[in-house]
Amino acid sequence: MTPKEVIAFAQDKGAKQVDLRFTDLPGLSQHISYPISQLDEDSFEEGFGIDGSSIRGWAAINESDMLLIPDPTTAYMDPFFETPTLCMVGDIRDPITHQSYDRDPRYIAKKAEAYLKNSGIADTAFFGAEAEFFIFDNIRFDTNQHSSFYFIDAEEGRWNSGREENNLGYRPRYKEGYFPLPPTDHYQDLRAEMVEVMEEVGLVIECHHHEVATGGQAEIDQKFNTLLKSADGMMLYKYVVRNVAYQYGKTVTFMPKPLFGDNGSGMHCHQSLWKGGEPLFAGDGYAGLSQLALWYTGGLLKHARALSAIIAPTTNSYKRLVPGYEAPVNLAYSRRNRSAAVRIPMYSASPKAKRLEFRPPDASCNPYLAFSAMLMAGLDGVLNKLDPGESLDKDIYDLTPEELKSVPSMPGSLEEALDCLENDHGFLLKGDVFTEELLETFINYKRKNEAEAVRLRPHPYEFALYYDI
């Protein structure tokens, strides 16, 4: 919609409030609301003043004044608020210069799309991300100087046999949650309602299903879209999933590995480049790929260890990225093989369907940063004609130790991933898409507030291991 059409849309829907949303550096949605009377056509140029000093990874207190500029193309009516509320995503600008703010993740995604067009390689990057999540009945956790615990309760959990309800006999066994019919699949209706609400707010959904793990693990797949729109869509997707579950008295988590001994949640990212309306990844090479697509694969694999700090950016991510749980720890590419970091889906022979699926990411990432970083890695592969090496069509977990030595692997911890990003980030700086200052801020934030914070605290399992040492 145009600004004028947004105003008319708000009037037609009886909106009483306008809610503007943006994303902090780690990837959490933020919002601020105004009476609808404060919104007019000038608002789309002049914006609304906000204080950015308390936003994680953003401005210092002495430069905290910022403008939030609504994007009219993102307008929809909130499906959860009691007061009729018009919602839009906003862009952050400096109030003095009116320049876009370098630490606004959405601006980075816009710069990545501009860099792609200016490169001449392609004019459009399509992303389709498959975010998995768990649906729990109850979650309790706390940590302080003298205690630490978490407790998960889920009606699909194999561990809750002591509960008094009589309807818990049908539960998926560990690693056997893929596609069972109800009543083993407890959440068909809940996911269906999530899909209805997603479509109501403008997302295009392809399918939904139960995932491999217990605990109500689920996946709802959005149709692919351009990089920026896919990132906007992922933020809206997570908002809808959480709030529909909350209305049902459930709680959803996108943590990659909340359950020990069961599969974790990933966010496999399908991606392809197009130019002039024509797909560039289809060809007569391996698995029907073009040479350009193979070079793009080479870029993803070369920079995967550095990418990991952005696409799998939590300490919990590296409890998922371990061998034995279908997690793509080893950096290789393959058709159909889901144990490879890069998979080439073979569902369709159509050139338009030819794409790469990058499997290491998880939904704890900031999608604006993650999609942009993956695109920059792939483009670096194309520009430098990086050979991805030989394909790996065996089950990686069946390889002998000798064969496995030749296959590089993902980092084993967030600390290692941050070191990798620190040592290999030149490809992200091209076109000023990412800046040294932003990456330094990101790395320092993650080290201090997450990696070191977890490393400094005793772990509950250490008491089981060492209390009587």
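Asks: Lay out the environment of alanine 309 with the relevant residues and their values.
Replies: Within the secondary structure layout, alanine 309 lies in helix α7 (residues 304-311). You can call alanine 309 buried: its relative accessible area is 0%. For the pair alanine 309 and phenylalanine 442, spaced 133 residues apart in the sequence, the C-alpha separation amounts to 9.4 Å. Apart from residues no more than four positions distant in its own chain, alanine 309 is found in contact with Tyr318, Ala417, Leu418, Leu421 and Phe442.

Asks: I'd love a proper account of the side chain of aspartate 78, names of residues and values included.
Replies: Structurally, the position occupied by aspartate 78 is in the loop between β5 (76-77) and β6 (85-93). A distance of 2.8 Å separates a polar side-chain atom of aspartate 78 from the backbone nitrogen of phenylalanine 81.

Asks: Explain the packing of helix α3 (residues 105-119) against helix α9 (residues 367-383) residue by residue, including any values.
Replies: The N-to-C vectors of α3 and α9 enclose an angle of 25°; their axes lie 8 Å apart at closest approach. It follows from the interaxial angle that α3 and α9 lie roughly parallel. At the point where α3 passes α9, the crossing takes the left-handed sense. Across the interface between the two elements, Pro105, Arg106, Ile108, Ala109, Ala112, Tyr115 and Leu116 of α3 pack against Tyr368, Leu369, Ser372, Leu375, Met376, Leu379 and Leu383 of α9. In terms of residue class, the contact of α3 with α9 is built from 12 nonpolar, 1 polar and 1 charged.

Asks: How would you summarise the packing of aromatic side chains if you had to cite specific residues and measurements?
Replies: Given two aromatic rings, one states the distance between the centres and the angle between the planes to describe the pair. For the structure shown, the criterion picks out 13 aromatic pairs. Centroid distance phenylalanine 126 to phenylalanine 224: 5.1 Å. Interplanar angle 75°. Geometry classified as edge-to-face. With phenylalanine 126 in strand β7 (residues 124-136) and phenylalanine 224 in the loop between β11 (218-222) and β12 (225-226), this pair connects stretches of sequence that are 98 residues apart. Exposure remark for phenylalanine 126: the relative accessible area of 18% places this residue in the buried category. Where phenylalanine 281 meets tyrosine 296, the ring centres are 5.2 Å apart and the plane angle is 65°; that geometry is what we call edge-to-face. Placement of the pair is phenylalanine 281 in the loop between β15 (278-279) and α6 (291-302) and tyrosine 296 in helix α6, with a sequence separation of 15 residues. Accessibility expressed as a relative area gives 1% for phenylalanine 281, which makes it buried. Among the aromatic residues, those joined into a cluster by ring pairs are Phe22, Trp58 and Tyr101.

About the criteria used
- Residues numbered from 1 in each chain as written.
- Predicted model: local features only at pLDDT ≥ 70, side-chain atom pairs only at ≥ 80, totals over all residues.
- Heavy atoms only, no water.
- Helix = DSSP H or I, 4+ residues; strand = E, 2+ residues; numbered from the N terminus.
- Buried < 20%, exposed > 50% of the residue type's maximum accessible area, 1.4 Å probe, protein only.
- Contact = heavy atoms within 4.5 Å.
- Polar contact = N/O pair within 3.5 Å; in protein donor to acceptor, adjacent residues only side chain to side chain.
- Axes fitted to C-alpha atoms, helices over the stretch in contact; angles between N-to-C directions.
- Parallel < 35°, antiparallel > 145°, perpendicular 65-115°, else oblique.
- Left-handed = near helix turned anticlockwise from the far one by under 90°.
- Nonpolar A, V, L, I, M, F, W, Y, C, P; charged D, E, K, R; others polar.
- Phe/Tyr/Trp six-rings, centres within 6.5 Å; stacked < 30°, edge-to-face > 60°.

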